[in-house]
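Given next are the chains, with one letter for each unit.
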There are 4 protein chains.
Amino acid sequence: MLKLGDYQLQSRLMLGTGKYRNAEEQEAAVKASGTEVLTFAVRRIDLETADQDVFAGLDLDQYQMLPNTAGAATAEEAVRTAELARAAGLCDMVKVEVIGCSRTLMPDPVETLKASEQLLEKGFTVLAYTSDDIVLAKRLEAIGCHAVMPAASPIGSGLGILNPYNLKIITEELSCPIIVDAGLGGAADVCQAMELGADGVLLNSAVAGAEDPAKMAEAVRKACEAGRAGYEAGRIAKSASASASSPSAGMSRRS
Amino acid sequence: MLKLGDYQLQSRLMLGTGKYRNAEEQEAAVKASGTEVLTFAVRRIDLETADQDVFAGLDLDQYQMLPNTAGAATAEEAVRTAELARAAGLCDMVKVEVIGCSRTLMPDPVETLKASEQLLEKGFTVLAYTSDDIVLAKRLEAIGCHAVMPAASPIGSGLGILNPYNLKIITEELSCPIIVDAGLGGAADVCQAMELGADGVLLNSAVAGAEDPAKMAEAVRKACEAGRAGYEAGRIAKSASASASSPSAGMSRRS
Amino acid sequence: MLKLGDYQLQSRLMLGTGKYRNAEEQEAAVKASGTEVLTFAVRRIDLETADQDVFAGLDLDQYQMLPNTAGAATAEEAVRTAELARAAGLCDMVKVEVIGCSRTLMPDPVETLKASEQLLEKGFTVLAYTSDDIVLAKRLEAIGCHAVMPAASPIGSGLGILNPYNLKIITEELSCPIIVDAGLGGAADVCQAMELGADGVLLNSAVAGAEDPAKMAEAVRKACEAGRAGYEAGRIAKSASASASSPSAGMSRRS
Amino acid sequence: MLKLGDYQLQSRLMLGTGKYRNAEEQEAAVKASGTEVLTFAVRRIDLETADQDVFAGLDLDQYQMLPNTAGAATAEEAVRTAELARAAGLCDMVKVEVIGCSRTLMPDPVETLKASEQLLEKGFTVLAYTSDDIVLAKRLEAIGCHAVMPAASPIGSGLGILNPYNLKIITEELSCPIIVDAGLGGAADVCQAMELGADGVLLNSAVAGAEDPAKMAEAVRKACEAGRAGYEAGRIAKSASASASSPSAGMSRRS
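Residues numbered from 1 in each chain as written. Chains lettered and ligands numbered in written order. Predicted model: local features only at pLDDT ≥ 70, side-chain atom pairs only at ≥ 80, totals over all residues. Heavy atoms only, no water.

(A) Broad picture of the overall build of chain A. When its secondary structure is counted, chain A shows eight helices and 10 strands. The C-alpha atoms of chain A give a radius of gyration of 19 Å, which matches the 18 Å a tight globule of 255 residues would have. Seen along its three principal axes, the alpha-carbon backbone of chain A occupies a region of about 70 × 40 × 40 Å. A burial count over chain A gives 62% of its 255 residues as buried. Across chain A, contacts joining residues at least 24 apart in sequence account for 65% of those joining residues at least 6 apart. Accessible area for chain A stands at about 8,800 Å²; split by element, carbon and sulfur atoms hold 45% of it. Between the mean site of the 24 positive side-chain charges and the mean site of the 34 negative ones, chain A shows a separation of 8 Å. (Helix = DSSP H or I, 4+ residues; strand = E, 2+ residues; numbered from the N terminus. Rg over C-alpha atoms; globule rule 2.2 N^0.38 Å. Buried < 20%, exposed > 50% of the residue type's maximum accessible area, 1.4 Å probe, protein only. Contact = heavy atoms within 4.5 Å. Areas by Shrake-Rupley, 256 points an atom, 1.4 Å probe, with all protein chains shown as cover. Lys, Arg positive; Asp, Glu negative; His and termini not counted. Charge placed at Lys NZ, Arg CZ, Asp CG, Glu CD.)

(B) Representation of the interface of chain D and chain B within the structure. Chain D puts 28 residues into the contact, and the matching count from chain B is 28 residues. Of the roughly 2,300 Å² buried between chain D and chain B on both sides combined, carbon and sulfur atoms contribute 59%. On the surface where chain D and chain B come into contact, there are eight salt bridges. Among the salt bridges present, the one from Arg 103 of chain B reaches Glu 172 of chain D, with a minimum N-O distance of 2.7 Å. In this assembly, chain D and chain B are joined by eight residue pairs in polar contact (both at pLDDT 80 or more). When the residues that make up the side of chain D that touches chain B are grouped by side-chain class, the tally is 14 nonpolar, five polar and nine charged. (Buried area = accessible area lost by both parts, 1.4 Å probe. Salt bridge = Lys/Arg side-chain N within 4 Å of Asp/Glu carboxyl O. Polar contact = N/O pair within 3.5 Å; in protein donor to acceptor, adjacent residues only side chain to side chain. Nonpolar A, V, L, I, M, F, W, Y, C, P; charged D, E, K, R; others polar.)

(C) Spotlight on the pattern of salt bridges. Following the criterion strictly, the structure yields 88 salt bridges over all chains and no others. With a closest N to O distance of 3.2 Å, Glu 25 of chain C and Arg 21 of chain C form a salt bridge. When its relative accessible area of 22% is taken as the criterion, Glu 25 of chain C is described as partly exposed. Taken together, the shared-partner salt bridges in this structure form one network comprising Arg 103 of chain A together with Lys 138, Lys 168, Glu 172 and Glu 173 of chain C.

(D) Here's a closer look at helix α6 (residues 187-195) of chain C. Most of α6 of chain C is tucked away, with eight of its nine residues classed as buried. Each element contacted by the buried residues of α6 of chain C is listed here: α5 (164-173), β9 (179-181), β10 (200-203) and α8 (213-233) of chain C together with α6 (187-195) and α8 (213-233) of chain D. Looking at the residues trailing α6 of chain C, positive phi occurs at Gly 197 of chain C, about 110 degrees.

(E) Representation of unusual backbone geometry. At Ala 182 of chain B, a position not held by glycine, the phi torsion is positive, near 80 degrees. If you check the backbone angles, Leu 105 of chain D has positive phi at about 55 degrees while not being a glycine. Along the polypeptide, Leu 105 of chain D turns up in the loop between β6 (93-96) and α3 (109-121).

(F) Region of interest: the UniProt feature "active site" (unreviewed entry) in chain A. Residues and elements named next belong to chain A. Sequence positions flagged by UniProt for "active site" (unreviewed entry) are, in local numbering, Lys 95. With respect to the secondary-structure elements, Lys 95 resides in strand β6 (residues 93-96). In this view, Lys 95 contacts Leu 66, Pro 67, Asn 68, Thr 69, Leu 127, Tyr 129, Met 149, Asp 181 and Leu 202; residues no more than four positions away in its chain are not counted. (UniProt positions renumbered as here; feature names shortened; annotations may be inferred.)

(G) View of the interface of chain A and chain B. Between chain A and chain B, the contact holds 76 residues from the first and 76 residues from the second. For the pair chain A and chain B, the two sides together bury roughly 5,800 Å², of which 55% comes from carbon and sulfur. Run the count over chain A and chain B and you get six salt bridges. In this structure, the salt-bridge partner of Asp 189 of chain B is Arg 235 of chain A, at a minimum N-O distance of 3.7 Å. For the pair chain A and chain B, the interface holds 18 residue pairs in polar contact (both at pLDDT 80 or more). Every element with two or more residues in the side of chain A that touches chain B is listed here: α1 (23-33), α6 (187-195), α7 (205-208) and α8 (213-233) of chain A. Here the residues of the side of chain A that touches chain B sort into 29 nonpolar, 26 polar and 21 charged.

(H) The packing of helix α3 (residues 109-121) of chain A against helix α4 (residues 134-142) of chain A, seen in detail. Residue and element names in this part refer to chain A. Closest axis-to-axis distance for the α3/α4 pair is 10 Å, and the angle between their directions is 10 degrees. In this view, α3 runs roughly parallel relative to α4, as classed from their interaxial angle. Within the contact between the two elements, α3 uses Pro 109, Thr 112, Leu 113 and Ser 116 and α4 uses Leu 136, Arg 139 and Leu 140. Among the residues making up the contact of α3 with α4, the classes are represented as four nonpolar, two polar and one charged. (Axes fitted to C-alpha atoms, helices over the stretch in contact; angles between N-to-C directions. Parallel < 35°, antiparallel > 145°, perpendicular 65-115°, else oblique.)

(I) Focus on helix α6 (residues 187-195) of chain B. All buried positions along α6 of chain B are accounted for by Ala 187, Ala 188, Asp 189, Val 190, Cys 191, Ala 193, Met 194 and Glu 195 of chain B. On its buried side, α6 of chain B packs onto α6 and α8 of chain A together with α5 (164-173), β9 (179-181), β10 (200-203) and α8 (213-233) of chain B.

(J) Molecular detail of the relation of the copies chain A and chain B. Aligned on chain B, chain A shows an RMSD of 0.0 Å; the corresponding rotation is 180 degrees and the shift along the axis is 0.0 Å. Put plainly, the chains are arranged around a two-fold axis. A symmetric contact is evident, with 100% of the interface residues of chain A recurring at the interface of chain B. (Least-squares fit on C-alpha atoms with pLDDT ≥ 70 in both.)

(K) Local environment of the state of the cysteines. All names here are of chain A. Overall, the coordinates contain zero disulfides over all chains when judged by the stated rule. As a non-bridged cysteine, Cys 145 has Cys 176 as the owner of its nearest cysteine sulfur, 7.3 Å distant. Relative accessible area serves as the criterion here: at 5%, Cys 145 is assigned to the buried category. On the basis of relative accessible area, Cys 176 is assigned to the buried category, the value being 10%. (Disulfide = S-S within 2.5 Å.)

(L) Expanded view of the nonpolar core. Core analysis: the largest hydrophobic core is formed by 114 residues, its most contacted members being Met 14 of chain C together with Met 14 of chain D. Leave out the neighbours within four places in its chain, and Met 14 of chain D touches Leu 2, Leu 4, Leu 9, Thr 35, Val 37, Leu 66, Leu 127, Ile 179, Val 201, Leu 202 and Leu 203 of chain D. Ala 29, Phe 55 and Ala 147 of chain A together with Met 65 of chain B belong to the second-largest nonpolar core, a separate cluster that totals 112 residues. (Core = buried A, V, L, I, M, F, W, Y, C linked by side-chain atoms within 4.5 Å.)

(M) The arrangement of the pairing of β10 of chain C in detail. All names here are of chain C. Burial of β10 is two-sided: the residues Gly 200 and Leu 202 facing one way and the residues Val 201 and Leu 203 facing the other way are all buried. Where strand β3 (residues 13-16) meets β10, three bridges bridge the pair, whose relative direction is parallel. Bridging across to β10, Leu 13 finds its partner in Val 201. Bridge count between β9 and β10: three bridges; the pairing is parallel. Of the residues in β10, the one forming a bridge with Asp 181 is Leu 202. Crossover handedness for the path β9 to α6 to β10: right-handed. (Pairing = 2+ DSSP bridges. Right-handed = clockwise from strand over helix to strand, strands pointing away.)

(N) Quick peek at the side chain of Arg 228 of chain D. The residue Arg 228 of chain D is located in helix α8 in this model. Arg 228 of chain D has contacts with Arg 12, Met 194, Ala 198 and Asp 199 of chain D, leaving out every residue within four places of it along the chain.

(O) Spotlight on the side chain of Ser 33 of chain D. All names here are of chain D. Residue position: Ser 33 is located in helix α1 (residues 23-33). Here Ser 33 falls in the buried class, since its relative accessible area comes to 1%. A distance of 3.1 Å separates a polar atom in the side chain of Ser 33 from the backbone nitrogen of Thr 35. Excluding its chain neighbours within four sequence positions, the residues that come into contact with Ser 33 are Leu 13, Leu 15, Ala 217 and Arg 221.

(P) Spatial organisation of the packing of aromatic side chains. Summed over all chains, the structure comprises zero aromatic pairs over all chains. Over the ring of Tyr 129 of chain B we find Lys 95 of chain B, and its NZ or CZ is 5.0 Å from the ring centre. For Arg 86 of chain D, the ring lying beneath its charged end belongs to Phe 124 of chain D, and the centroid distance is 3.8 Å. (Phe/Tyr/Trp six-rings, centres within 6.5 Å; stacked < 30°, edge-to-face > 60°. Lys NZ or Arg CZ within 6 Å of the ring centre and 35° of its normal.)

(Q) Structural context of the pairing of strand β6 (residues 93-96) of chain C. Going residue by residue along β6 of chain C, you find Met 93 and Lys 95 of chain C tucked away on one face and Val 94 and Val 96 of chain C tucked away on the opposite face as well. The parallel pair β6 of chain C and strand β7 (residues 125-130) of chain C is bridged by helix α3 (residues 109-121) of chain C, and the resulting crossover is right-handed.

(R) Just the environment of Leu 105 of chain D, in detail. Here Leu 105 of chain D falls in the buried class, since its relative accessible area comes to 17%. Distance in space between the C-alpha atoms of Leu 105 of chain D and Ile 155 of chain D is 6.8 Å, their sequence separation being 50 residues. For Leu 105 of chain D, the residues in contact, after removing those within four places along its chain, are Ala 242, Ser 243 and Ala 244 of chain C together with Ile 99, Tyr 129 and Ile 155 of chain D.

(S) Representation of the environment of Asp 59 of chain D. Following the sequence through the fold, Asp 59 of chain D ends up in the loop between β4 (37-41) and β5 (64-68). For Asp 59 of chain D, a relative accessible area of 39% translates into the label partly exposed.

(T) Layout of the confidence of the model for chain A. Residue and element names in this part refer to chain A. Summary statistics for chain A give a mean pLDDT of 91 and a share of 93% for residues scoring 70 or more. Counting interchain partners and residues more than four positions distant, the pLDDT-below-50 stretch residues 247-255 has 24 contacts. Both confidence scores are given for the complex: pTM 0.91, ipTM 0.90. (pLDDT = per-residue confidence, 0-100.)

Structure follows, in structure tokens:
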């Protein structure tokens, strides 16, 4: 079970909304993914109307909403966006996303720290989107973030985990939940993230942009479970040399 | 469904036997894996007795046996080993394994080709263990092998797929089933192999040597299904640049 | 030529001091490297005496000294260390190093930014040691740092460039000199860093810890020049498919 | 010094001819590279005339010619091509190249072995182009090849060394010279190949296709020397953890 503040989740997979070719594909993918959390950009939705395009076809009572502050370039903008979402009754859980580079859409460490700190003071459940900088991740945990969300690679790139070493260090050094976010391109990337010790993953483009989004949603659901089970099962160490799979010495017999 | 000659399999995961700490762990792992095929070295079993240590605790009627010729250094030895196995009523399907390097336990291309050719002539269903040399793989297919089994990395090393490029080329260029064999270390490696287009995987050390073999067996079962589904779903292309997951342009509404 | 504030250097290789097995090896390596810049931890030297162990055998008039603030865990400590070094007449150029993780010895982004800002105000020539976080690198440039020094991997690890993608983005997006620091393990790593567009490299363990430090110093000197020339020469693009080196169509003849 | 049969070479860099934009660029690049060996496809030149387009502007007395059998798809074709070259007085040294895959242009193991064996019997100095299959490489050495030339990646791809593990095993397990051929894209790839223990490299597209071929030739010349020196100097081991470059314990003083 994944705990994010007071929220408890069975599924370790979070899914983005709004990049699908149409509402049917989104609905099918969301269902196949088994996700309990739907993320979306607050900026993209009309906070005053009930029937949002971005959620077309989804029964929102079945999901935990996770608004994000995409579009914010400063802590101030991110905080304002989060407060608008809470005021509209969406959620008091928020993914803090403050972009600092228009080319890579990677987050700004200083503004992310500032926004997270302010939102924590205001009582939000804060999930902070960040790079894979280990010290930054530690600082986000230290100020009380409920989860740290390191990017695997730039948003939407599908490049997968560019630096597995850093990601592994983060999962080992931090105690709070680690949700790998951004850049995961498919099932193998999801499985690797979980095997490295992540507590969850967040996907959007990988599912929405697949040829068959529902099928891909099923794939990443299983990959997420597989990676988690593999992590818990304790994999063998890597060895530079071979070791015969069919040894000459025997196995102990059942007594 | 995976077809190997006349054999039809639902599961795309094959499991080795004989490296487990004890028979109970082996039994639990085999069951959790959902495999239908058990592989073993003919040299390790006593062909005259019914109750084999190597299969202790397993109901062999439920599985397809896949004897391998591990221990053979020449085509002649491999062929003799396969014939002994068939004569003992084990199976007419065989994994041809002719080792050419004592350090890496990598297969000998010349003897593997020769042994495969002879066994095909003798009516065996032949699965050929090979390196990831694309031309060698094509030759093995050309002589009629029922499956080609490229090594991800040296047997038992857990190094995973050292050369994903070669593996992808092999899955694209060949029409016969490709079973990735040797070197896979855990769930993420299995998922990657399947996502690259492999038709199946064969594992032994990764499961038998895990801290919790039954849990790892469950992990690789799901990883195999996840990778296959991911392959079929058609993953997004990798892109050197970022692409906003929360685009400003909207999604088409359900009509 | 590499310009760092008012300092102009012909060599793009900077060398650390103090990890050599003995003074003779250090002297031979420094000479073979062709470096013009020697870096050292201010904390390790006795600021009151002339003949320092750490520089034993070196004619210090021939080198530019680059004191670093290793050992500092806060901006305050780093600033104090830099001021002590300047007061002792060592140099007004400083490598800002504020460690934020005892396991990886990776730098603290917040304290590094703060220390750099204060030292710039005090008139220092500031080279900032940082992770490969692109937004952090941009911020360090924006406050006026004379060079940004992203880590290839943890200090002394020899793991090389863990994330070539990030390093390339940093060299492309920033205008100030980029000196790759920490983790480079040998000639190939140095050559890769320079080919990716770095303006220089800083090494210590890779040379001091080599079996033959002087020979390794020669190797990394050439690798640095090779990588720079390769960068300037404009390498071919990577292609997923082969292209015959011996084409059938001819080359235009000299007219 | 690199020994190939009776041939002794100071430079460990071999250069292809015939892909340059014009003869001037080729001449400048060949000179800047410091190479002593020029390779070319026998099929591309007119064996009856003295002044060959492919060598326009080069003083051929200064170079060792290395004809290759590119274009051959069988051992028979390769042998015939080599004999034509020798009869024309070009050279009794030959690079055996028998392609087995039109997409990757990777060599055919069976025909390469056969052609090499026949040419060795006919007294040629044989350099065999092959994949990075360790057992195949051992077999080529065992029949007496004067050098084994494993491909880094497909010809002209610039993908660099796809499988450094295999390449390292080959350099460690074989005693004959290993010349890395095909796929190297620039200075960093060359440096890595040499650091892994290769005795030489062969390049064509990487130099001929660079924006500034002469500059790239200089880059790869230095990279080749750097990698070799780095290999001889004995690089530090890779370590998963950091190790302070500025240790608190001192260095032993000169006695």
